[in-house]
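# Secondary and tertiary structure notes
For reference, the chains in residue letters:
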Amino acid sequence: MPSPAKLVLGMMSGTSADGIDAALVRISGAPPRLKIRLVNHTQQPFPPEVRKEILRVAEQHPLTPAELSQLHTRLGQIYAQAALAACKKFQISPKKINFIGNHGQTVFHQGRSSNFLGKPVASTLQLGDGSTIANLTGITTVSDFRPADMALGGEGAPLVPFADYALYRHPKLGRVSLNIGGIANLTVIPANAKPSEVSAFDTGPGNMLIDALVQELTDGRERYDKDSRLARQGHLHRELLAFLLREPYLRRRPPKSTGREYFGAAYVKKILARAGRYRLRPADIVHTVTVFTAASIARALDRFVLPIAKISQLIVSGGGAQNPLLMAQLSALLPAIVVLPSSRLNVPTDAKEALAFALLAYETFHRRPSNLPTATGARGPAILGKISYAPLR
Ligand SMILES: Nc1ncnc2c1ncn2[C@@H]1O[C@H](COP(=O)(O)OP(=O)(O)O)[C@@H](O)[C@H]1O
Ligand SMILES: [Mg+2]
């Protein structure tokens, strides 16, 4: 007998640390026949002092174990409050929600192992305590999705390809799903693909460099380049673009993943120093870095995807899908591919990743694996996450 549909609230807060995206999703069935319907979605910004602390910690600045523990619980409270605020906005009682899938805030991620205390260790840390969320909302919560995959030798990332495959696989069309968050990552879904034919990797920076430069160049007045307003007042500086395109990460073969550890504050300093030599105006810097971001994605497709798969559509989600210059550049650099926002396939661009974590929680609840070993490199399927049960009513 098919199990009854579940209402799942997925929550995502990515490397941009801009806030929490929440998606309420009605899910039924089981792979390969999952039925997924987005009911509603919303966003909530982090309070500025919380955002500042997240960025500080994610940039690997020192903090005490006490502060780390406090931040873990404090974020649990913030996610719980975001979940309740989302319910209120959706005019649905939290009692109606079967469970929450919360990604949490990554403050450290090392997918490949290095030696630690005598053994190779790969590890990851997403903050936002699941028990806190479950007990403050009264909704059973799945959290900590990444470590199970890593324990099986995977990189613990990317996990969204499971959802990309469920949402976008097509019998005749080869598709790439691209999410432009702080980091940009893509999932390759060849026409009529089996799960084992799906691959995925991080292409490099998404909005991360643009955001950091805009904040720096506006003395913190602007947090990001809304609608590419600043970039559109500037021009492309070819030498700076050529310099940026020499970035070795772009040439590395997939599977590969990256984050704020790599494209963070030190990287931005390097760009500013170069731009200073050319005496560029802020608008020229932001314009050139926006073009670079698009070019890094297009080159990843040209180098690593198009030689092995026939792709007709690039489906874009994440905040970067709302950056018009970034989208226009992608279309221009990939003339043989139709570039379209995921909203055209009924997945709002700012709900895709939250929806993915609702789906992963649904799978975990049913004791089914939801990593794609071809995407993460794990030895086999893993049931992801930890379940924190709601208090008895
Ligand atoms: N209207 C817009 N114009 C330009 N950029 C935007 C717009 N809306 C969102 N963004 C970009 O999207 C980012 C947030 O993207 P998001 O998908 O939430 O990333 P993450 O998953 O890393 O949190 C913002 O920091 C900003 O750079
Ligand atoms: Mg975000």
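The following refers to the structure shown. (Residues numbered from 1 in each chain as written. Chains lettered and ligands numbered in written order. Predicted model: local features only at pLDDT ≥ 70, side-chain atom pairs only at ≥ 80, totals over all residues. Heavy atoms only, no water.)

## Regarding the site of ligand 1
Of all residues adjacent to ligand 1, which total 20 residues, the nearest are Ser16, Gly182, Asp211, Asp227 and Gly319. One of the side-chain N or O atoms of Asp18 is found 2.9 Å from an oxygen atom in ligand 1. The fraction of the free accessible surface of ligand 1 (580 Å²) that becomes covered by protein chains is 92%. (Near = heavy atom within 4 Å. Polar contact = N/O pair within 3.5 Å; in protein donor to acceptor, adjacent residues only side chain to side chain. Areas by Shrake-Rupley, 256 points an atom, 1.4 Å probe, with all protein chains shown as cover.)

## Points about the nonpolar core
In this structure, Val8, Ile27, Phe145 and Phe357 are the most contacted members of the largest nonpolar core, which totals 36 residues. Sorting the residues of this core by element identifies β1 (6–12), β2 (19–30), α5 (161–168) and α13 (352–365) as the ones contributing at least two each. With near-sequence residues (within four places) excluded, Val8 lies in contact with Ala23, Leu24, Val25, Ile27, Phe99, Gly101, Ala358, Ala361 and Tyr362. (Core = buried A, V, L, I, M, F, W, Y, C linked by side-chain atoms within 4.5 Å. Buried < 20%, exposed > 50% of the residue type's maximum accessible area, 1.4 Å probe, protein only. Helix = DSSP H or I, 4+ residues; strand = E, 2+ residues; numbered from the N terminus. Contact = heavy atoms within 4.5 Å.)

## Quick notes on the sheet that holds strand β8 (residues 175–180)
Strands sit in the order β10-β9-β8-β11-β12 across an open sheet of 5 strands; the sheet is mixed. Two strands lie at the open edges of the sheet, namely β10 (199–205) and β12 (338–341), each paired on one side alone. Averaged over all adjacent pairs, the angle separating strand axes in this sheet is 20°, with direction ignored. Note that β8 and strand β9 (residues 183–189) share 6 bridges and pair antiparallel. The residue bridging Arg175 from the neighbouring strand is Ile189, located in β9. Of the strands in this sheet, β8, β9, β10 and β11 (313–317) are in contact with α5, which crosses β9 at around 50°. (Pairing = 2+ DSSP bridges. Axes fitted to C-alpha atoms, helices over the stretch in contact; angles between N-to-C directions.)

## So, the sheet that holds strand β3 (residues 33–45)
Pairing is mixed in the open sheet, where 6 strands are placed in the order β3-β2-β1-β4-β7-β13. The open sheet has two free edges, formed respectively by β3 and β13 (386–388), since each of these has just one partner strand. Geometrically, the sheet is characterised by an average inter-axis angle of 25° between neighbouring strands, direction not taken into account. Pairing geometry for strand β7 (residues 141–143) and β13, over 3 bridges, is antiparallel. Looking at β13, one finds that Thr141 is bridged to Ser388. Sitting on the sheet, helix α3 (residues 130–137) is in contact with β4 (99–102), β7 and β13, with an inclination near 160° to β7. Sitting on the sheet, α13 touches β1, β2, β3, β4, β7 and β13, and the angle it makes with β1 is about 130°.

## Observations concerning helix α2 (residues 65–90)
The terminal C-alpha atoms of α2 lie 37 Å apart, and with 26 residues this matches the ideal 38 Å at 1.5 Å per residue to within 8%. Along α2, the positions that sit buried rather than exposed are Leu71, Leu75, Gly76, Ile78, Tyr79, Ala80, Ala82, Ala83, Ala86, Cys87 and Phe90. The positive-phi residue at the C-terminal boundary of α2 is Gln91, with phi of around 55°. (Expected span 1.5 Å × (residues − 1).)

## With respect to the packing of aromatic side chains
Under the criterion given, the structure shown has 8 aromatic pairs. Their ring planes at 70° and their centres at 5.2 Å tell us that Phe145 and Phe357 sit as a pair that is edge-to-face. Here the residue Phe145 occupies a position in the loop between β7 and α4 (147–151), and Phe357 occupies one in helix α13, the gap between them amounting to 212 residues. Phe357 shares its class with Phe145; the two are buried. Note on Tyr249 and Tyr262: the rings are 6.0 Å apart at their centroids and 50° apart in plane angle, and the pair reads as tilted. Taken together, the residues span a long stretch of sequence, with Tyr249 in helix α8 (residues 248–251) and Tyr262 in helix α9 (residues 260–263) at a distance of 13 residues. Owing to a relative accessible area of 2%, Tyr249 belongs among the buried residues under this scheme. One aromatic cluster is present, built from ring pairs that chain together Tyr249, Tyr262, Phe263 and Tyr267. Across from the ring centre of Tyr249, 4.4 Å away, lies the NZ or CZ of Lys256, which sits over that ring. Its guanidinium or amino end placed over the ring of Phe243, Arg274 lies 4.1 Å from that ring's centre, counting from NZ or CZ. (Phe/Tyr/Trp six-rings, centres within 6.5 Å; stacked < 30°, edge-to-face > 60°. Lys NZ or Arg CZ within 6 Å of the ring centre and 35° of its normal.)

## Overview of the pairing of strand β6 (residues 119–127)
With 8 bridges connecting them, strand β5 (residues 105–116) and β6 associate as antiparallel partners. Bridged to Phe108 within β6 is Leu125. The hairpin formed by β5 and β6 contains 2 residues between the paired strands, and Leu117 there has a positive phi angle of roughly 50°.

## So, the packing of helix α6 (residues 208–217) against helix α11 (residues 282–305)
Close contact between α6 and α11 brings their axes to 9 Å; oriented N to C, the two are set at 175°. In terms of orientation, α6 lies roughly antiparallel with respect to α11. Every residue of α11 that contacts α6 at Leu209, Ile210, Leu213, Val214 and Leu217 is listed here: Pro282, Ile285, Val286, Val289, Thr290, Phe292 and Thr293. When its residues are assigned to classes, the contact of α6 with α11 shows 10 nonpolar, 2 polar and no charged. (Parallel < 35°, antiparallel > 145°, perpendicular 65-115°, else oblique. Nonpolar A, V, L, I, M, F, W, Y, C, P; charged D, E, K, R; others polar.)

## Details of a nonpolar patch on the surface
On the surface, a cluster of nonpolar side chains totalling about 340 Å² of accessible area is made up of Phe116, Leu117 and Val121. With respect to the element layout, Phe116 can be found in strand β5. For Phe116, a relative accessible area of 52% puts it in the exposed group. (Patch = residues over 30% accessible without salt bridge, like charges linked within 9 Å, V, L, I, M, F, W, Y side chains within 5 Å. Salt bridge = Lys/Arg side-chain N within 4 Å of Asp/Glu carboxyl O.)

Any functional reading would require information beyond the geometric quantities listed.
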